[in-house]
Amino acid sequence: MAVSYHDVIVIGAGPAGLCAGLYTARARLDTVILEKMAPGGQLINTSLIEDYPGFESIDAADLIQKMVSHTQAFGAQILTTEVSEVFSDGWQKVVRTADGDEYRAGAVIISSGGSPTPLNIPGEFEYAGRGVSYCAVCDGAFFRDRVITVVGGGDSAVEEGLFLTRFASKLYLVHRRDKLRAQQIIQDRFIANPTTEIIWDTVADEIIGDDGAVTGMRLRNVKTGEEWVHETDGVFIFIGFDPNTDFIKEPVERDENGYLIGGSHMETDVPGLFIAGDVRTQLTKQITTAVGDATTAAVAATHYLEDLYDRVERPETVATEVSA
């Protein structure tokens, strides 16, 4: 098992993690970013970005690469490894990985994001970013004057569906039950909208397409068993979203949905542990809010370390082999 010390460990290399790493590395802090997959976070599931300031339109892969290059230019390391646990050992934060290595730091910024709950049906992942989306604000404008179908029945599904009526020529909501779970006032607004129609007691069994784009869904009525092809240009799935925080092995304040709670400086109730992006309680999940959180968290972590190093001796940043 290799053990090394760093000033800052950032968990997750989405927009929040890359931005946080940029700021801490630019402050001349030894920074390592740990990411279990390729950098980019939820941007990997998006094809085109039109709501990030400075770029009227940019390919998601291009924006990711620009962020990665910018962060690395200031010296931050980006390592591909899966974090298995995070805990405190005195003033040091300990991050262990599935590879068996241990990274220690004075501060940790958790920007591991979250994962939309998928339907796990054929065609869903094949057409992700090509008609299948999990973010109305991100992708709604690409479906102007098109038929859109939302899957879900809670607050998020109905609220996001209402937002999508700004663009859709027709908007369907597919729900497996005969009543919605969303707040009544939101339901009333949705039902009153002339663009909307609810398909009750129905589940999606498959998403189908042609020439690389969604053309429809195979739906099934759960009461009658009737199956049919529902034509649509876009499928937006809102059946849940889970923050990626299972690796945190000590008590950290969370809300009722499991999101981490932070203060105005993105600090948690555990000293030295900061948060940014989709892991925290917030109004909206956007690239702009992610990098905004990350800027605050990185600057706060920098100030935290300045105070910390006045009181403790900083270990050498040298990887050593230790018997497991």
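Scroll up to find the structure.
Calculation notes
- Residues numbered from 1 in each chain as written.
- Predicted model: local features only at pLDDT ≥ 70, side-chain atom pairs only at ≥ 80, totals over all residues.
- Heavy atoms only, no water.
- Helix = DSSP H or I, 4+ residues; strand = E, 2+ residues; numbered from the N terminus.
- Buried < 20%, exposed > 50% of the residue type's maximum accessible area, 1.4 Å probe, protein only.
- Contact = heavy atoms within 4.5 Å.
- Salt bridge = Lys/Arg side-chain N within 4 Å of Asp/Glu carboxyl O.
- Expected span 1.5 Å × (residues − 1).

Summarising the element assignment, Phe142 is placed in the loop between helix H3 (136-139) and strand S11 (147-151). Overall, the relative accessible area of 29% leaves Phe142 in the partly exposed class. Residues contacting Phe142, with those up to four places away along its chain left out, are Leu48 and Glu50.

Here the focus is the pattern of salt bridges. Throughout the structure, instances matching the rule amount to 12 salt bridges. A salt bridge links Glu85 to Arg96; its shortest N-O distance comes to 3.5 Å. Placement of Glu85 in strand S6 (residues 83-89) and of Arg96 in strand S7 (residues 92-97) is noted, with a sequence separation of 11 residues between them. Here Asp201 ties to Lys223 by a salt bridge, and the two come within 3.7 Å at their closest N and O atoms. Here Asp201 is found in the loop between strand S13 (196-199) and strand S14 (202-210), whereas its partner Lys223 is found in the loop between strand S15 (213-221) and strand S16 (227-231), with 22 residues between them in sequence.

Our focus in this paragraph is helix H1 (residues 15-26). Between its terminal C-alpha atoms H1 stretches 16 Å, which fits the 16 Å expected from 12 residues at 1.5 Å a residue. Taken across its 12 residues, H1 has 10 buried, putting it largely inside the fold. In this fold, the buried residues of H1 make contact with strand S1 (2-11), strand S2 (31-35), helix H2 (60-73), strand S5 (77-80), strand S8 (102-110) and helix H6 (287-308). Taken from the residues just after H1, Arg28 is the one with a positive phi, measuring 65 degrees.

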